[in-house]
Amino acid sequence: VILAIGHSARDTFELLQRKNIFLEPKPFSVGARIEHKQTAVDESLYGDHAGNPLLPKGEYQLSWRDKNGRGVYTFCMCPGGFVVPAASSSRQVVVNGMSPSNRGSRWANSGMVVEIRPEDYSELMKHEEMAVSKDSPLALMAFQERLEELCWLNGGMKQTAPAQRMVDFVNKKNSFDLPESSYTPGLLASPLHFWMPEFVTGRLREGFRHFGKVSRGFLTNDAVMIGVETRTSSPVRILRDKESYQHITLKGLFPCGEGAGYAGGIVSAAIDGERCAEGVAGYLSLV
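Residues numbered from 1 in each chain as written. Predicted model: local features only at pLDDT ≥ 70, side-chain atom pairs only at ≥ 80, totals over all residues. Heavy atoms only, no water.

## A short note on the overall build of the protein
Helix and strand counts for the protein come out as 8 helices and 13 strands. For a compact globule of 287 residues, the expected C-alpha radius of gyration is about 19 Å, and the protein comes in at 20 Å, within 12% of that figure. C-alpha atoms of the protein, sized along the principal axes, occupy 65 × 50 × 35 Å. Residues classed as buried in the protein amount to 51% of the 287 residues present. Taking the intrachain contacts of the protein between residues at least 6 apart in sequence as the baseline, contacts between residues at least 24 apart amount to 71%. Within the structure as shown, the protein displays about 13,900 Å² of accessible surface, and the carbon and sulfur contribution to it stands at 53%. Averaging the locations of the 32 positively and 32 negatively charged side chains of the protein gives two centres separated by 2 Å. (Helix = DSSP H or I, 4+ residues; strand = E, 2+ residues; numbered from the N terminus. Rg over C-alpha atoms; globule rule 2.2 N^0.38 Å. Buried < 20%, exposed > 50% of the residue type's maximum accessible area, 1.4 Å probe, protein only. Contact = heavy atoms within 4.5 Å. Areas by Shrake-Rupley, 256 points an atom, 1.4 Å probe, with all protein chains shown as cover. Lys, Arg positive; Asp, Glu negative; His and termini not counted. Charge placed at Lys NZ, Arg CZ, Asp CG, Glu CD.)

## Comments concerning the packing of helix H1 (residues 10-18) against helix H4 (residues 139-154)
Between two packed helices, both the angle of their axes relative to each other and the distance between the axes serve to describe the pair. At a closest axis distance of 12 Å, the pairing of H1 and H4 adopts a crossing angle of 145°. Seen along the crossing, H1 lies across H4 with a hand that is left-handed. Only Met141, Gln144, Glu145 and Glu148 of H4 make contact with H1, whose side of the interface consists of Arg10, Phe13 and Glu14. For the contact of H1 with H4, the residue count by class is 2 nonpolar, 1 polar and 4 charged. (Axes fitted to C-alpha atoms, helices over the stretch in contact; angles between N-to-C directions. Left-handed = near helix turned anticlockwise from the far one by under 90°. Nonpolar A, V, L, I, M, F, W, Y, C, P; charged D, E, K, R; others polar.)

## So, the sheet that holds strand E9 (residues 161-165)
If you trace the 7 strands from one edge of the open sheet to the other, you get E4-E5-E8-E3-E11-E9-E10, paired in mixed fashion. In this open sheet, the two strands that pair with only one neighbour each are strand E4 (63-65) and strand E10 (187-189). Across the sheet, the axes of successive neighbouring strands diverge by a mean angle of 30°, strand direction being ignored. Judged from the 5 bridges that link them, strand E5 (residues 71-78) and strand E8 (residues 107-116) form a sheet pairing that is antiparallel. When the sheet's bridge partners are listed, Cys78 is paired in E8 with Asn109. Strands in contact with helix H2 (residues 38-46) are strand E3 (28-37) and E8; relative to E3, the strand with the most contacts, it is inclined by about 90°. (Pairing = 2+ DSSP bridges.)

## Notes on the layout of surface pockets
In this structure, the second largest pocket occupies an estimated 170 Å³ of space. If you trace the second largest pocket, you find it lined by His7, Phe75, Cys76, Asn96, Glu229, Arg231, Thr232, Glu258, Gly264, Gly265 and Ile266. Considered class by class, the residues forming the lining of the second largest pocket number 3 nonpolar, 5 polar and 3 charged. (1 Å grid on protein atoms, 1.4 Å probe; cavity = no way out; pocket = protein on both sides within 12 Å on 5 of 7 lines; lining within 4 Å. Points joined across faces, edges and corners; volume = space filled by probe spheres on them.)

## Things to note about the pattern of salt bridges
In this structure the tally under the stated criterion is 16 salt bridges. Notably, a salt bridge pairs Glu149 with Arg91, separated by 2.7 Å at the nearest N-O pair. Separated by 58 residues along the polypeptide, Glu149 in helix H4 and Arg91 in the loop between strand E6 (82-85) and strand E7 (95-98) bring together distant segments of the chain. Arg91 sits in the partly exposed class, given a relative accessible area of 43%. The salt bridge involving Arg205 is made with Glu198; its shortest N-O contact spans 2.8 Å. In this structure Glu198 comes out as partly exposed when scored by relative accessible area, which is 44%. Because the salt bridges share partners, they merge into one network encompassing Arg10, Glu145, Glu148 and Arg231. (Salt bridge = Lys/Arg side-chain N within 4 Å of Asp/Glu carboxyl O.)

This is the structure:
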């Protein structure tokens, strides 16, 4: 069996845990979607040449590490794109981004996320009643679920997304109005700096200040933060042998790709699929 599940296959992770199939929590990243006007990104990148039809839509890719070595970075930047709902169950608000092939919308968006590690779960437990212990292999998945539920609660308990202007977020101020957005279900002004965990928002604020210095026009109150971006990669890893690609205790089971914790996107998942297929061929030759 090649188990090539997606990174949001929570029911499968829970089934594997009940069946005592070894899992472990895996670091991943959470944050928000940042949406600018596409013209602002073009002007930042191209200057006086912005608007030239021969130039592609402007894109950016930013990363930084704080004093503790934690990453803050952009993820899945979508020029001329849309922010879209991506929840997979009830009582969740999750956002993602996409670009049509013509890059034709008036907006540009990108995930802006911070690295989360297993030890961060203990920080959340100080403020929240969590369903699993910090020692559970599903601890980070529970953290992910709780953050998405908080987003749902602060978004009006529907698919309206809580949002805040970027400079207001950095200055811990409420946004009393919001710019026009590509997010079709609509936005609701909300103090993300207040209800998101401080170990997430504090790093985001530091990252925004740094990016504002190195990228002209990035840190602006015309840009809006839309919560929350949590599905960057799997918060769980299904353990496998490095040589055979089989699960460490269950022979014939090949955990594969992003949901299994061995890829972070389309291309890396495809490459891991090739590796697992080669592992299966080697296993069958020995049977």
